[in-house]
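Architecture and fold: a report
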Amino acid sequence: MNGEYCGRLSRLDPLYYCLDEDVMPLLGVAPGGNEYHVFKANSSKDVYLYECEGGPAVVGKFYSRSHEGYNDHAGRCALHEFHNLSLLRSYGLHDYPHYVARPLAFNASCNNVLFEEFCKGEPLSAFIDRALYDGDEGGLYECLTALGFFLATLHNRTANGHPVYFRQECSYMGKLMEQLQEKSLIGYEEAEDFMFFCGRWHDRPEMWEDRQVLIHGDATPSNFIFSGGISVTAIDLERLKRADRAHDLGRIAGELKHMFLMARGEGQSAEPFIGHLLGAYSSHFPDRVRAFFSITARIPFYMAETLLRIARNDWCEKEHRLRLIAEAFHTLRSGE
């Protein structure tokens, strides 16, 4: 984890007792007298790394401030992620090469902190950056091969017999339109055009025919860690839910398109990497050709949705946000 060094954790801090007495013994560290170095993660959330001097490290995620200060709600969100992490590990995602970070403890009295084990490696975003700026495309292809294997394993192990309920995605598209209009990034007529094509997607039988699986729900490049070979670790499971498997794949594809657009001003050069991910994913099905065409028929909607989600962010320059919206509309219309 890259981050800013914050110093040593004071033994007078209430968090010290929780960390030393409740968390570290789970990792084989005897309590009493341990020193902890603290690092602030490079993220928008209240996430810190606590490194035991001479021992392991753990991640602490604080939910109070990141959830508008409502302690009851924040606590429920922390416990929800604890449950989600535990649930996915119960499906066998707790060993090489498919791994979900181990939840260790939750403490409501310390600003609703959730402790998880620290998983070494680099996020997908680092490999995308190296492909874009250092020419290391091979490293990114290797990661996407591993990620396709991980997502296929996650989805196939958790599939149930219930059909996908696509209407909730159409409702979310409407919410995105409202948010983008509030930010003066699109007008009323443009929003109506988006919703028209959303309605066309709603009427496509293939958007309803697949069976529900557990999806990561926030499949962004920062939430998958790679440590070599086909090893993949998933973190940040707040938004785990049952939905269409194409949702996770569309999110990654949309993120790739966004990062290539931002770096190069065009997104076409992201297509070989997107195709590689989808091919790697489909290769883990008995009929890989049928799986590939089934996924690619649905993925444009989720790609467009992802591009619009990113366009809401104020940290993006307005020119890029408008480019994302235009790309989303093109993707939504061309894939219809």
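Below: a short report on this structure. Bear in mind that the values here come from a model prediction, so they are computed numbers and not experimental data.

Within the chain one finds eleven helices and 13 strands. The globule rule puts the C-alpha radius of gyration for 336 residues at 20 Å, and the 21 Å found for the chain is close to it. C-alpha extents for the chain along the principal axes are approximately 60 × 45 × 45 Å. A total of 336 residues make up the chain; the buried ones form 52% of that total. Counted over contacts in the chain with a minimum sequence separation of 6, partners at least 24 positions apart contribute 69%. For the chain, the accessible surface area stands at approximately 15,200 Å², while carbon and sulfur atoms represent 50% of it. Separation of charge centres in the chain, based on 34 positive and 47 negative side chains, amounts to 3 Å.

Bringing helix H6 (residues 188–202) into the picture now. For H6, with 15 residues, the first-to-last C-alpha span of 21 Å sits near the 21 Å given by 1.5 Å per residue. The set of residues buried in H6 consists of Ala191, Phe194, Phe197, Cys198 and Trp201. Taken around the axis of H6, the buried residues stretch over an arc of 130°, which confines them to a single face. Opposite the buried face of H6, at more than 90 degrees from it, the exposed residues are Tyr188 and Glu189.

Looking now at the side chain of Asn84. Tracing the sequence through the fold places Asn84 in helix H2 (residues 71–90). Among the residues examined, Asn84 registers a relative accessible area of 3% and is labelled buried. Here Asn84 is in contact with Leu237, Glu238 and Leu240, once residues within four sequence places are set aside.

The next point concerns the packing of helix H4 (residues 137–158) against helix H8 (residues 246–264). Contact geometry for H4 and H8: axes closest at 11 Å, N-to-C directions at 160°. With respect to each other, H4 and H8 are oriented roughly antiparallel. Crossing hand, H4 versus H8: right-handed. For the pair H4 and H8, the contacting residues are Glu137, Leu144, Leu147, Leu151, Leu154 and His155 in the first and Asp248, Leu249, Ile252, Leu256 and Arg264 in the second. When grouped by side-chain class, the residues that make up the contact of H4 with H8 number seven nonpolar, one polar and three charged.

Applying the stated criterion across every chain, the model contains 20 salt bridges. Where Lys61 meets Glu81, a salt bridge forms, and the shortest distance between an N and an O atom there is 2.8 Å. With a gap of 20 residues between them, Lys61 in strand S4 (residues 57–62) and Glu81 in helix H2 connect regions that are remote in the sequence. One salt-bridge network, held together by shared partners, links Arg8, Arg11, Glu35 and Glu53.

Within a sheet, neighbouring strands are paired by backbone hydrogen bonds and run either parallel or antiparallel to one another. Taken in spatial order, the five strands line up as S5-S6-S12-S11-S9 in an open sheet, and their pairing is mixed. The open sheet has two edge strands, strand S5 (94–95) and strand S9 (122–123), and neither has a second partner. In the packing of H4 onto the sheet, contacts are made with strand S6 (98–100), strand S11 (224–226) and strand S12 (232–234), and the angle to S11 comes to roughly 130°.

Reading guide: rules and limits
The numbering scheme is per chain: residues are counted from 1 as the chain's sequence reads. With the structure being a predicted model, the display of local features is reserved for residues of pLDDT at least 70 and the display and counting of side-chain atom pairs for 80 or more, all residues being used for whole-chain, interface and lining totals. The side-chain figures draw on all heavy atoms in the structure; neither hydrogens nor water molecules are used. Note on conventions: DSSP H or I runs of at least 4 residues are helices, E runs of at least 2 residues are strands, and numbering of each starts at the N terminus. In this description the radius of gyration comes from C-alpha coordinates, and the expected globular size is given by 2.2 Å times residues to the power 0.38. Burial classes: relative accessible area under 20% of the type maximum marks a residue as buried, over 50% as exposed, and values in between as partly exposed (1.4 Å probe, protein chains only). Two residues qualify as a contact provided that any one of their heavy atoms is within 4.5 Å of a heavy atom in the partner residue. Under the convention used here, a 1.4 Å probe and the Shrake-Rupley method define accessible areas, while residue burial counts only the protein chains that appear. We score Asp and Glu as negative and Lys and Arg as positive, and we do not count His or the chain ends. Every charge is mapped onto a representative atom, which is NZ of Lys, CZ of Arg, CG of Asp or CD of Glu. By this rule the span expected of a helix is its residue count minus one, scaled by 1.5 Å. Note that the arc is defined by the directions from the helix axis to the C-beta atoms. Every axis corresponds to a line fitted to the C-alpha atoms, with the helix fit spanning only the stretch in contact, and the corresponding angles, defined between N-to-C directions, vary from 0 to 180 degrees. Angle categories are assigned with fixed cut-offs, so that under 35 degrees is roughly parallel, over 145 is roughly antiparallel, 65 to 115 is roughly perpendicular, and the rest are oblique. In this scheme the handedness of a crossing depends on how the near helix is turned from the far one: anticlockwise by less than a right angle means left-handed, clockwise means right-handed. The residue classification treats Ala, Val, Leu, Ile, Met, Phe, Trp, Tyr, Cys and Pro as nonpolar and Asp, Glu, Lys and Arg as charged. All others, Gly included, are polar. Each reported salt bridge corresponds to a side-chain nitrogen of Lys or Arg within 4 Å of a carboxyl oxygen of Asp or Glu. Pairing between two strands is assigned when DSSP locates at least 2 bridges connecting them.

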